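So you can see what is in the structure, the chains are spelled out below.
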Amino acid sequence: MEDRVSPFSDEQARALINLRPRYEAMIEAQRSLSRLPYNLVRKRVGKYEYLYEAIDRSNNGKSLGRMSPELERRLADYRATKSDLQHRLTKASRLVEETGRMARPLHLPMLSSAAGELLRELDRRRLLDGTLLVIGTNCLPAYAIEAGGAIADAPDETEDFDLAWVAEEQAEEAGLWAALKAVDPTFTVNSERHCQARNAATYEVDLLVAPSRAETLAPRERPRPISLPSQEWLLLGRPVNQVVPCRDWSAARLVVPDPRWFALHKLWLADQAERNPLKRRKDRAQGNAVLDAVAQAMPHYPLDAAFARSVPGELASYWQDWRESAER
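Each value, and the rule that gives it
- Residues numbered from 1 in each chain as written.
- Predicted model: local features only at pLDDT ≥ 70, side-chain atom pairs only at ≥ 80, totals over all residues.
- Heavy atoms only, no water.
- Salt bridge = Lys/Arg side-chain N within 4 Å of Asp/Glu carboxyl O.
- Helix = DSSP H or I, 4+ residues; strand = E, 2+ residues; numbered from the N terminus.
- Buried < 20%, exposed > 50% of the residue type's maximum accessible area, 1.4 Å probe, protein only.
- Pairing = 2+ DSSP bridges.
- Axes fitted to C-alpha atoms, helices over the stretch in contact; angles between N-to-C directions.
- Contact = heavy atoms within 4.5 Å.
- Core = buried A, V, L, I, M, F, W, Y, C linked by side-chain atoms within 4.5 Å.
- Phe/Tyr/Trp six-rings, centres within 6.5 Å; stacked < 30°, edge-to-face > 60°.
- Lys NZ or Arg CZ within 6 Å of the ring centre and 35° of its normal.

Caption draft 1: Geometry of the pattern of salt bridges. This structure, assessed with the given rule, holds 25 salt bridges. Of the charged contacts in the structure, one is a salt bridge between R253 and D129, with a shortest N-O distance of 2.8 Å. Taken together, the positions of R253 in strand β13 (residues 251-256) and D129 in the loop between α3 (113-124) and β5 (132-135) put the pair 124 residues apart, joining distant regions of the chain. A salt bridge links R275 to D283; the nearest nitrogen and oxygen atoms lie 2.8 Å apart. Take D283: its relative accessible area is 0%, and that puts it in the buried class. Several salt bridges share partner residues, and in doing so they unite E28, R31, R35, D123, R126, D129 and R253 into one network.

Caption draft 2: Focus on the sheet that holds strand β4 (residues 61-66). In spatial order, the strands read β2-β3-β4; together these 3 strands make up an open sheet with antiparallel pairing. A single partner strand is all that each edge strand has here, and the edge strands are β2 (39-45) and β4. Taken over all neighbouring pairs, the strand axes of this sheet differ in orientation by 35° on average, direction set aside. In the sheet, strand β3 (residues 48-54) pairs with β4 via 5 bridges, with the strands oriented antiparallel. Along β4, the bridge assignment pairs L51 with G65. Of the strands in this sheet, β2, β3 and β4 are in contact with helix α2 (residues 69-103), which crosses β2 at around 145°.

Caption draft 3: A look at the nonpolar core. Counting 81 residues, the largest nonpolar core has L122, Y143, F161, L163 and L264 as its most contacted members. The element that contributes the greatest number of residues to this core is helix α6 (residues 259-269), accounting for 7 residues. In this structure, L264 is in contact with L291, F307, V311, L315, Y318 and W319, ignoring residues within four places of it in sequence.

Caption draft 4: How the structure looks around the environment of R125. Considering the arrangement of structural elements, one finds R125 in the loop between α3 and β5. Taking the C-alpha atoms as reference, R125 lies 23 Å from I226; in sequence the two are 101 residues apart. Once residues lying within four places of it in the same chain are set aside, the contact partners of R125 are A178, A179 and A182.

Caption draft 5: Molecular detail of the side chain of Q231. Tracing the backbone shows Q231 in the loop between β11 (226-227) and β12 (240-245). On the basis of relative accessibility, which here comes to 3%, the residue Q231 falls in the buried class. For Q231, the residues in contact, after removing those within four places along its chain, are I135, A164, L208, V209, A210 and H265.

Caption draft 6: The arrangement of unusual backbone geometry in detail. Put simply, R222 and P223 share a cis peptide bond, and its omega is -10°. The topology assignment puts P223 in the loop between β10 (204-209) and β11. Even without being glycine, T202 reaches a positive phi, approximately 65°. Mapped onto the elements of the fold, T202 is located in the loop between β9 (196-198) and β10. Here T202 falls in the exposed class, since its relative accessible area comes to 51%.

Caption draft 7: Spatial organisation of the packing of aromatic side chains. For the structure shown, the criterion picks out 5 aromatic pairs. One Lys or Arg, K43, reaches over the ring of Y52 and ends 4.6 Å from the middle of that ring. The lysine or arginine in question, R238, covers the ring of Y301, its NZ or CZ lying 4.2 Å from the ring centre.

Caption draft 8: Molecular detail of the pairing of β2. As judged from the 7 bridges shared by β2 and β3, these two strands associate in the antiparallel manner. The residue of β3 that forms the bridge with N39 is A54. Count of turn residues in the β2/β3 antiparallel hairpin: 2 residues, of which G46 carries a positive phi of about 70°.

That is the geometry; function is a separate question.
Below, the structure is given as structure tokens:
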């Protein structure tokens with residue numbers, strides 16, 4: 001087996017280590033701000049002043065009552081809290097950008113700007129904490145960081161975005177659809193592929209689901225995913241969770257499948273006759289590269305006898321072929 005992973009330099013590793021807490025501080029400030037009312041404003045109606053909870057820039061909203069010492073304190077606390085969070089967000093965002101500017105010259109793994117924007121919105125809404133997994137080519141930067149170095153011969157350029165629905169409990173609201181529309185209101189469901197949303201820039205987001213998780217979708221969730229038995233494999237093992245730089249100097253969190261099952265799934269996809277031939281070639285390259293990287297640099301994802309016994313029959317030949325190739 002050839003070496004696939006070129007370990008990060010000290011400078012590369014330092015940048016990635018610094019990026020995560022900076023990103024987490026930024027997202028937490030965004031989450032906290034989103035929990036606050038849009039605005040609290042003082043309004044005079046007749047000869048009295050009232051406190052209003054505004055819902056837009058025109059300060060339309062509902063009255064919280066005539067001003068009183070209690071409401072005065074509430075308004076002061078709100079303003080102080082909002083100012084503090086905005087300061088924390090500005091500081092954290094600048095630090096994230098500081099690291100992001102280093103990503104290209106340091107040749108760090110990176111995501112596209114469009115993928116990063118969507119991921120941050122999903123993260124802000126906590127949809128990456130057990131509801132959605134990123135699947136497909138966008139997983140590669142996370143695996144590189146997990147391996148501690150660049151992974152050779154693993155194609156990682158993509159102009160679309162694949163997600164898997166993995167929630168174990170019934171969702172009440174259409175969380176993904178709300179996130180898509182928040183990122184870009186031009187997103188619509190592809191009338192020819194109901195599992196896909198597409199925006200005016202033709203950026204595509206596909207949603208898939210394992211049959212065991214299909215019933216947990218909110219009734220109004222969009223796009224409506226394709227249910228595929230092969231998606232069950234991507235639920236196995238332990239997901240990888242990494243913060244990755246983006247090409248616009250921002251960053252995003254990737255939560256992706258266990259790299260062992262991702263790789264075997266990719267090798268299986270490469271043999272499916274209905275798969276686009278160009279994608280099949282990429283699937284095989286990614287599958288072999290990630291399995292090699294796991295063997296070389298991810299001992300916490302063991303490729304041992306216990307794992308071999310867990311491989312289902314449909315994937316056994318791909319596992320055996322890789323084992324024989326690795327031993328040569």
